[in-house]
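Fold and contact review
Below are the chains, spelled out letter by letter.
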Amino acid sequence: MATRNPRPTEHDSDDDSYEVLDLTEYARRHHWWNRVFGHSSGPIVEKYSVATQIVMGGVTGWCAGFLFQKVGKLAATAVGGGFLLLQIASHSGYVQVDWKRVEKDVNKAKRQIKRRANKAAPEINTIIEESTEFIKQNIVVSSGFVGGFLLGLAS
């Protein structure tokens, strides 16, 4: 038997159900919070030894590479299989493909992509600059990640 919740009244408010947490006060009371997340803390990974940083980067890189490999194979199989089925259906007479129209639509899509890519260039440059700065600050972890990623792709 299902019970029905009473409808909220007008004086009930969503603000009553949430508590505001002041992080500055919390950091003053808990010194470990300030050490980990304070201004002088730096990247958390730098607090570990070089070997630990390489292992952390390698393990995460291997996982990412392995997943990238599996997803890539699945996507290639799906696209290739779909194209193969389309060709078989076309040669069997089930489907008539207007290749001139396909070519026209592909060229139109290329032009739209070029226009959008030119508009998005400043955002992409910002992302590249931020990524480069992150890699420079965390070179040990980054090199471990790249090595692990390549191993993940190979396995």
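Provided above is the structure to which this section pertains.
Here we summarise the structure given alongside this text. Bear in mind the structure is a predicted one, so any value in this text is a computation, not a measurement.

Cut-offs applied
- Sequence positions are assigned chain by chain, starting from 1 and proceeding in written order.
- Predicted model: local features are reported for residues with pLDDT of at least 70 only, side-chain atom pairs are reported and counted for 80 or more only, and whole-chain, interface and lining totals are derived from all residues.
- Based on all heavy atoms of the structure, the side-chain values leave hydrogens and waters out of the count.
- Each patch is built from residues that are more than 30% exposed by relative accessible area and take part in no salt bridge. Like charges join if they lie within 9 Å; nonpolar side chains (Val, Leu, Ile, Met, Phe, Trp, Tyr) join within 5 Å.
- Here the accessible surface of atoms and residues is derived via Shrake-Rupley with a 1.4 Å probe, and residues count as covered only by protein chains that are part of the display.
- Salt bridges are defined as contacts in which a side-chain nitrogen from Lys or Arg sits within 4 Å of a carboxyl oxygen from Asp or Glu.
- In summary, the charge assignment counts Lys and Arg as positive and Asp and Glu as negative, without counting His or the chain termini.
- Here the site of a charge means atom NZ of a Lys, CZ of an Arg, CG of an Asp or CD of a Glu.
- Numbering of helices and strands starts at the N terminus; helices are DSSP runs of H or I of at least 4 residues and strands are runs of E of at least 2.
- Only protein chains enter the accessibility calculation, which uses a 1.4 Å probe; a residue is then buried when its area is under 20% of its type maximum, exposed when over 50%, and partly exposed in between.
- Note on aromatic contacts: the rings of Phe and Tyr and the six-membered ring of Trp form a pair at centre separations within 6.5 Å, being stacked when their planes are under 30 degrees apart, edge-to-face when over 60 apart, and tilted otherwise.

Some points on a positive patch on the surface
Side chains of R101, K104, K108, R111, R115, R116 and K119 sit close together on the surface and give a patch of like positive charge. One can find R115 in helix α4 (residues 99–137). Since its relative accessible area comes to 52%, R115 is described here as exposed.

Some words on the packing of aromatic side chains
For the structure on display, the rule yields three aromatic pairs. Judged by centre distance (6.2 Å) and plane angle (20°), the ring pair of F145 and F149 falls under stacked. Taken together, the residues span about one helical turn, with F145 and F149 both in helix α5 (residues 139–154) at a distance of four residues. A relative accessible area of 32% means that F145 is categorised as partly exposed. By relative accessible area, F149 is classed as partly exposed at 23%. Members of the aromatic cluster, joined through ring pairs, are F68, F145 and F149.

Distances and angles like these do not, on their own, reveal function.
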